[in-house]
Amino acid sequence: MTPRFTPGQLHVHSGLDDMVATARALRAVGRKIALVPTMGALHDGHRQLMRTARRLPGTVLAASIFVNPLQFGPDEDYDRYPRPLEADLKICGEERVELAFTPSREQMYPGGPEIMVDPGPLGGELEGASRPGHFAGVLTVVTKLFTIIQPHYAVFGEKDYQQLTLVRKLVRDLNLDVKVIGVPIVRDPDGLARSSRNAYLSDEQRTAAITLSAALVAGARVSAGGAAVVLESARAVLDKEPSVAVDYLELRGADLGPAPEHGEARLLVAARVGSTRLIDNSQVFLGQGED
Ligand code: AMP
């Protein structure tokens, strides 16, 4: 093994050069890296990604923790986004992460960037319609992380289904040598999808926020009736909660193209609860019943 790396121990690299050197050294001795990219404020959703990644045979488990400024709009929560680094590194240790990459903004974007990755038409839809430039920011940082860490596998959550879809397209269209793995959404027992942004919610807002997942469940329950029925049922649940301001509720195909008449589709919702923007989604099988 390389002098920089002791298997089974957590190594924290805040320096980009250190990270590159360790990743190259690991590759040189034939080790494979499984990367879990995150923005920190780690919760059970991130833990599930790490557990999935560490089950991949013969891999070194790496996680990046970086609040990527490029994916935040000017009126969004970049400054107040939680950054509990010490607690995050503790979770990394518990989940047997071996490489944690925690770069600074200056190291990732010295004087720039001037060049960014264009997410194509899907980058302007759904989340992209509400958050211009968001996916260019996401795909740019993901491309950089892939270049710096050179992972064989990268694990992303279905919680950000459009992000996962676009990362798959990025890998396909730019011929990146990474296998992308998606992980189902981790939820609280009441259905609320785990999110670092849930920390912003008051008790009352948290109760209202359950409406998002409840709407998806209501839609999926009537999937045998087809697209219009699914949307109507989900919308009826959302309409009952006046403190949830819906941004979009859409039914799409599994690849986020137009929804098929029959078969696998995705029901996606975004809404604001107070000043907190939340997203959720679920798989539905149109014209076939829920199971
Ligand atoms: P973030 O730190 O919010 O950028 O998320 C990092 C990764 O964790 C992304 O791939 C997310 O989709 C994933 N993730 C976040 N929340 C969840 C969740 N509740 N279930 C599964 N994956 C999640």
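Please read all numbers here as calculations on a predicted model, not as lab measurements.

Parameters at a glance
- Residues numbered from 1 in each chain as written.
- Predicted model: local features only at pLDDT ≥ 70, side-chain atom pairs only at ≥ 80, totals over all residues.
- Heavy atoms only, no water.
- UniProt positions renumbered as here; feature names shortened; annotations may be inferred.
- Helix = DSSP H or I, 4+ residues; strand = E, 2+ residues; numbered from the N terminus.
- Contact = heavy atoms within 4.5 Å.
- Core = buried A, V, L, I, M, F, W, Y, C linked by side-chain atoms within 4.5 Å.
- Buried < 20%, exposed > 50% of the residue type's maximum accessible area, 1.4 Å probe, protein only.
- Domains from an automatic or database assignment.
- Pairing = 2+ DSSP bridges.
- Axes fitted to C-alpha atoms, helices over the stretch in contact; angles between N-to-C directions.

Peer 1: Which parts of the structure should I look at to understand the UniProt feature "binding site: (R)-pantoate" (unreviewed entry) in the chain?
Peer 2: When the UniProt feature table is mapped onto this chain, "binding site: (R)-pantoate" (unreviewed entry) is found at Gln71 and Gln163. In terms of the greatest pairwise C-alpha distance, the residues named above, spread along 93 residues, form a tight cluster of at most 11.3 Å across. Inspection of the secondary structure puts glutamine 71 in the loop between β3 (59-65) and α3 (85-94). Considering the arrangement of structural elements, one finds glutamine 163 in helix α7 (residues 161-173). Discounting chain neighbours no more than four positions away, the residues touching glutamine 163 are Phe135, Val138 and Phe156.

Peer 1: Sorry, what's going on with the nonpolar core here?
Peer 2: Among soluble globular proteins, nonpolar side chains are generally buried collectively. Formed by 42 residues in total, the largest nonpolar core has its most connected members in Met108 and Phe146. Of all the secondary-structure elements, those providing two or more residues to this core are α1 (16-28), β2 (32-38), β3, β4 (99-101), α6 (134-149), β5 (153-157), α7 and β8 (263-273). For this core, the leading source of residues is α6, giving 9 residues. Both domain 1 (11-183) and domain 2 (196-286) contribute no fewer than three residues apiece to this core. Excluding residues within four positions of it along the chain, phenylalanine 146 makes contact with Leu35, Pro151, Ala154, Phe156, Val167, Val171, Leu176 and Val178.

Peer 1: Help me understand the sheet that holds β4 in this model?
Peer 2: Two modes of strand pairing occur in sheets, parallel and antiparallel, and in both the strands are linked by backbone hydrogen bonds. The parallel open sheet is built from 6 strands, whose spatial order is β1-β4-β3-β2-β5-β6. In the strand order of this sheet, the two ends are held by β1 (11-13) and β6 (179-183), each with one partner. Mean inter-strand twist for the sheet, computed between neighbouring axes without regard to direction, equals 25°. Pairing analysis gives 7 bridges linking β2 to β3, with the strands arranged parallel. Residue pairing across strands places proline 37 opposite serine 64, the latter belonging to β3. Lying on the sheet, α3 is in contact with β1, β3 and β4; it crosses β3 at an angle near 165°. Across the sheet, α6 touches β2, β3, β4 and β5, and the angle it forms with β2 is around 150°.

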